[in-house]
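In case you want the letters, here they are:
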Amino acid sequence: EEAINKLSSVLNTSRNAGFFVSAILAFIAILVAYNTVRVAIYNSKDEIAVMQLVGASRSFIRGPFLVEGFLHGLISAGFTILVLWGLLFWAGEKTVSAFGGLNIYTYFTSNIFQISLILIVCGAMLGMLSAQFATKRYLKV
C-alpha cells in the first residue's frame, strides 16, 4: 500500500509538472507568433495605410494576418509531428525497459491521428490567437 501511495504521489506530481511545462511552452509559442505577426504588420504598414485610405474594413485588413498566424500554427504542428516521429523512433526500444514493456514509438504510431489532430488544432488556435492579440494591439485601424 505504501508503494502504491508513493507511486500515486509521483504520478500526480509529474502530471502537475507536465501541465506547468505545457502552459509555459504554450505561452512561449504565443509570444513567438505574436512577435512574428507584429513584424509582418510593421513591414506592411504602407499597404495597410493604402487600404485604410481606400476604405477597407477592419476585418479585411486583419484577415491576412490571421491567416498567416493560422498557417504558422499548421506548419509548426507539422514540424513537431516529424520531429516527434524521428525522436520516438530512436527512443522506442529504449523505453521498453523504462516503462515496463511499453514501446513509446508503437504507442505513438497507433495513436498518430489523434496526436496529429491535437497538435494541428492547438497550433492553429495558438497562431490565430497570437495574431488576434498582435493585430488588436499594433494595427491602428
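This text follows the structure it describes.
Residues numbered from 1 in each chain as written. Predicted model: local features only at pLDDT ≥ 70, side-chain atom pairs only at ≥ 80, totals over all residues. Heavy atoms only, no water.

Novice: Can you walk me through a nonpolar patch on the surface in this structure?
Specialist: A contiguous nonpolar patch, built from Phe20, Val21, Ile24, Leu25, Phe27, Ile28, Leu31 and Val32 and spanning about 760 Å² of accessible area, is present on the exposed surface. Its location among the elements puts isoleucine 28 in helix α1 (residues 2–43). Using a relative accessible area of 42% as the deciding quantity, one classes isoleucine 28 as partly exposed. (Patch = residues over 30% accessible without salt bridge, like charges linked within 9 Å, V, L, I, M, F, W, Y side chains within 5 Å. Areas by Shrake-Rupley, 256 points an atom, 1.4 Å probe, with all protein chains shown as cover. Salt bridge = Lys/Arg side-chain N within 4 Å of Asp/Glu carboxyl O. Helix = DSSP H or I, 4+ residues; strand = E, 2+ residues; numbered from the N terminus. Buried < 20%, exposed > 50% of the residue type's maximum accessible area, 1.4 Å probe, protein only.)

Novice: Sorry, what's going on with the packing of helix α2 (residues 45–53) against helix α3 (residues 58–91) here?
Specialist: Helix packing for two helices is described by the angle between their axes and how far apart those axes are. One way to put it is that α2 packs onto α3 with a least axis distance of 10 Å and a crossing angle of 150°. Of the possible angle classes, the one that applies to α2 and α3 is roughly antiparallel. Contacts between α2 and α3 involve Ile48, Met51 and Gln52 from the first element and Phe60, Ile61 and Phe65 from the second. Tallied by class, the residues present in the contact of α2 with α3 amount to 5 nonpolar, 1 polar and no charged. (Axes fitted to C-alpha atoms, helices over the stretch in contact; angles between N-to-C directions. Parallel < 35°, antiparallel > 145°, perpendicular 65-115°, else oblique. Contact = heavy atoms within 4.5 Å. Nonpolar A, V, L, I, M, F, W, Y, C, P; charged D, E, K, R; others polar.)

Novice: Got a minute to help me understand α3 in this structure?
Specialist: Every α-helix winds through 3.6 residues per turn, so residues three or four apart in the chain are directed the same way. Here α3 contains 34 residues, and its C-alpha end-to-end distance of 49 Å stays within 8% of the 50 Å for a straight helix at 1.5 Å per residue. Along its length, α3 reaches its greatest deviation from straightness, about 25°, at proline 64. Within α3, the full set of buried residues consists of Ile61, Arg62, Phe65, Gly69, Gly73, Ala77, Ile81, Leu88 and Ala91. Of the surrounding secondary structure, the elements contacted by the buried residues of α3 are α1, α2, α4 (95–98), α5 (104–110) and α6 (112–138). (Expected span 1.5 Å × (residues − 1). Bend = angle between axes of the 7 residues up to and from the residue.)

Novice: Help me understand the environment of alanine 131, please; the structure alone is not making it clear to me.
Specialist: Locating alanine 131 in the fold gives a position in helix α6. Between the C-alpha atom of alanine 131 and that of asparagine 5, which follows or precedes it by 126 residues, the distance is 45 Å. Setting aside its immediate chain neighbours within four residues, alanine 131 contacts Val37, Phe65, Leu66 and Gly69.

Novice: How should the packing of aromatic side chains be read in this particular structure?
Specialist: Aromatic ring pairs are defined here through the distance separating the ring centres and the angle between the ring planes. On inspection of all chains with the given rule, the structure shows 3 aromatic pairs. Where tryptophan 85 meets tyrosine 105, the ring centres are 6.5 Å apart and the plane angle is 70°; that geometry is what we call edge-to-face. You can see tryptophan 85 sitting in helix α3 and its partner tyrosine 105 sitting in helix α5, a full 20 residues away along the chain. Among the residues examined, tryptophan 85 registers a relative accessible area of 37% and is labelled partly exposed. When the centroid spacing of 5.3 Å and the interplanar angle of 75° are considered together, the rings of phenylalanine 89 and tyrosine 105 count as edge-to-face. Pair noted here: phenylalanine 89 is in helix α3 and tyrosine 105 is in helix α5, with a separation of 16 residues, a long-range link. One aromatic cluster is present, built from ring pairs that chain together Trp85, Phe89, Tyr105 and Phe108. (Phe/Tyr/Trp six-rings, centres within 6.5 Å; stacked < 30°, edge-to-face > 60°.)

Novice: Help me understand the nonpolar core in this model?
Specialist: One recurring pattern in soluble globular proteins is that nonpolar side chains are buried together. With 10 residues, the main nonpolar core is built from Tyr34, Val37, Ala40, Ile41, Ile48, Ile61, Phe65, Ala131, Ala134 and Leu139. Contributions of two or more residues to this core are made by α1, α3 and α6. Per-element accounting of this core gives the leading share, 4 residues, to α1. Sequence-distant contacts of phenylalanine 65, defined by excluding residues within four places in its chain, comprise Val37, Ala40, Ile41, Ser44, Ile48, Ala131, Thr135 and Leu139. Ile81, Leu88, Phe108 and Ile112 belong to the second largest nonpolar core, which has 5 residues in total. (Core = buried A, V, L, I, M, F, W, Y, C linked by side-chain atoms within 4.5 Å.)

These results come straight from atomic positions and should not be treated as a statement about function.
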